[in-house]
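# A structural walkthrough
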Amino acid sequence: MSLEISITPEADNSKRIAIKGSLDSNTAPELQQIIDAEINDTTTVTIFDFKDLDFLSSAGLRVIFKTKKIMEKNGGKFLLVNLQPQIKKVFEIIKALDGMNVFKDQDEMDDYLTAMQNKVKEEN
Amino acid sequence: MNNPSQNLKTLSILNRTADSKKLSTFLAAYISSNNIPGYIHDDLRLAIEETFINITNYAFDIKGAYPVDIEARRTTDTISITIIDSGIAFNPLLDCDKRIENNEHCEGGMGIHIIKSLTDKQEYNRINQRNVFTVTKHYTHQHN
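Residues numbered from 1 in each chain as written. Chains lettered and ligands numbered in written order. Predicted model: local features only at pLDDT ≥ 70, side-chain atom pairs only at ≥ 80, totals over all residues.

Another aspect to go through is the overall build of chain A. Within chain A, the regular secondary structure consists of four helices and five strands. What you see for chain A is a C-alpha radius of gyration of 14 Å, in line with the 14 Å of a compact globule of 124 residues. By its C-alpha atoms, chain A is 45 × 30 × 20 Å across when sized along the principal axes. Taking the contacts inside chain A whose residues are at least 6 apart along the sequence as the reference set, 67% of them involve residues at least 24 apart. (Helix = DSSP H or I, 4+ residues; strand = E, 2+ residues; numbered from the N terminus. Rg over C-alpha atoms; globule rule 2.2 N^0.38 Å. Contact = placed C-beta atoms within 7 Å.)

On to the packing of helix H2 (residues 39-58) of chain B against helix H4 (residues 109-118) of chain B, then. All names here are of chain B. One way to put it is that H2 packs onto H4 with a least axis distance of 9 Å and a crossing angle of 150°. By crossing handedness, the relation of H2 to H4 is classed as left-handed. Along its contact with H2, which presents Asp43, Leu46, Ala47, Glu50, Thr51, Ile53 and Asn54, the element H4 presents Gly111, Ile114, Ile115 and Leu118. The residue inventory of the contact of H2 with H4, partitioned by class, reads six nonpolar, three polar and two charged. (Axes fitted to C-alpha atoms, helices over the stretch in contact; angles between N-to-C directions. Left-handed = near helix turned anticlockwise from the far one by under 90°. Nonpolar A, V, L, I, M, F, W, Y, C, P; charged D, E, K, R; others polar.)

If you look at the interface, chain B gives 15 residues, while chain A gives 12 residues. Listing elements by their share of the side of chain B that touches chain A, those giving two or more residues are helix H1 (20-33), H2 and H4 of chain B.

The next subject is the pairing of strand S2 (residues 67-74) of chain B. All names here are of chain B. Strand direction decides the pairing type here: strand S1 (residues 9-14) and S2, joined by six bridges, are antiparallel. Counted as the bridge partner of Leu14 is Pro67 from S2. Both S2 and strand S3 (residues 78-85) contribute to a ladder of seven bridges, which runs antiparallel. By the bridge assignment for S3, Val68 is matched with Asp85. From the end of S2 to the start of S3, which pair antiparallel, there are three residues. (Pairing = 2+ DSSP bridges.)

Now for H2 of chain B. Between its first and last C-alpha, H2 of chain B extends 30 Å over 20 residues, near the 28 Å set by a 1.5 Å rise per residue. Counting buried positions along H2 of chain B yields 14 of 20 residues, so the element is predominantly enclosed. (Expected span 1.5 Å × (residues − 1). Buried ≥ 20, exposed ≤ 12 C-beta atoms within 10 Å, placed from the backbone.)

A few words now on the confidence of the model for chain B. Taken residue by residue, chain B gives an average pLDDT of 87. The fraction at 70 or more is 84%. Interface confidence for the predicted complex, given as ipTM, is 0.86, next to a pTM of 0.88. (pLDDT = per-residue confidence, 0-100.)

Turning next to the sheet that holds strand S4 (residues 77-81) of chain A. Residue and element names in this part refer to chain A. Read from one edge to the other, the open sheet built from five strands follows the order S1-S2-S3-S4-S5, with strand pairing classed as mixed. Two strands in the sheet have a free side with no partner beyond their single neighbour: strand S1 (3-10) and strand S5 (101-103). Averaged over all pairs of adjacent strands, the angle between strand axes in this sheet comes to 20°, irrespective of strand direction. In terms of strand pairing, strand S2 (residues 14-23) meets strand S3 (residues 45-56) through nine bridges, oriented parallel. Bridge pairing links Lys15 to Thr46 in S3.

This paragraph deals with helix H4 (residues 106-123) of chain A. Compared with the 26 Å implied by 1.5 Å per residue over 18 residues, the 26 Å span of H4 of chain A between its first and last C-alpha is a close match. The buried fraction of H4 of chain A is low, at one of 18 residues.

By the element assignment, Ile53 of chain B lies in helix H2. Given 22 C-beta atoms within a 10 Å radius, Ile53 of chain B is considered buried. Considered as a pair, Ile53 of chain B and Ser80 of chain B are 27 residues apart in the sequence and their alpha carbons are 18 Å apart. Apart from the residues lying within four places of it in its own chain, the contact partners of Ile53 of chain B are Ser25 and Ala59 of chain A together with Thr17, Ser20 and Gly111 of chain B.

We now examine the sheet that holds strand S5 (residues 130-138) of chain B. What holds strands together in a sheet is hydrogen bonding between their backbones, with the strands either parallel or antiparallel. Residue and element names in this part refer to chain B. What the five strands build is an open sheet, ordered S1-S2-S3-S5-S4; its pairing is antiparallel. The open sheet is flanked by S1 and strand S4 (121-127), the only strands paired with a single partner. Taken over all neighbouring pairs, the strand axes of this sheet differ in orientation by 15° on average, direction set aside. Of the strands in this sheet, S2, S3 and S5 touch H2, which is tilted by about 10° from S3.

Have a look at this one:
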């Protein structure tokens, strides 16, 4: 029931946050601290990777939504990838998937990011 | 086997967030030892975590360690978890709108929506100055 968080800096000030274990009332403050330290107005894309997340409660959801709000306020992108069935179910219950960028796996997300980067290059 | 009292297990914890781990361990052991299908576990774990955290956050005006009693029961096709606290009278099943009208808090709105979605029956009673909240989930035995 512990939580492991690994943060991988990616190109163009993007951050991938992989979360393993249980994101609940005991562990959500730990994630919030890391978000506060790592995500700021220079972050262009924040990716939550839930491949190894096996439990999510409303305390964890609040951290996720707060991060999404920060990214939207700063004009950045907020992405979720690799939602396992039990995690997807929680998002569906509270009808939170509408308007979210959710990708079933890495390949699908990579295609999206490549298209996004190409669009930026074309505009410049 | 259908008499729920024969299958009663209890746990007493305190109104502190860290004790949700004990609650989770208790549930897992009860489900395992009573041959209740494992698919019930995830839904019920989340439902009772939301209930318990609501108690730790809001039930007591004066800070302190207060007992929270847990009772698990089963029949051949249902499992029920009852969570009992001696905090302020609080029915989590009242709609948020109603609570706001009554100038009551509604922070747990997302939590109660999750509880209602993941369990088949929810019941609240105020008994002897205590909040008694029970969630019940039906299950069927899966055969390979």
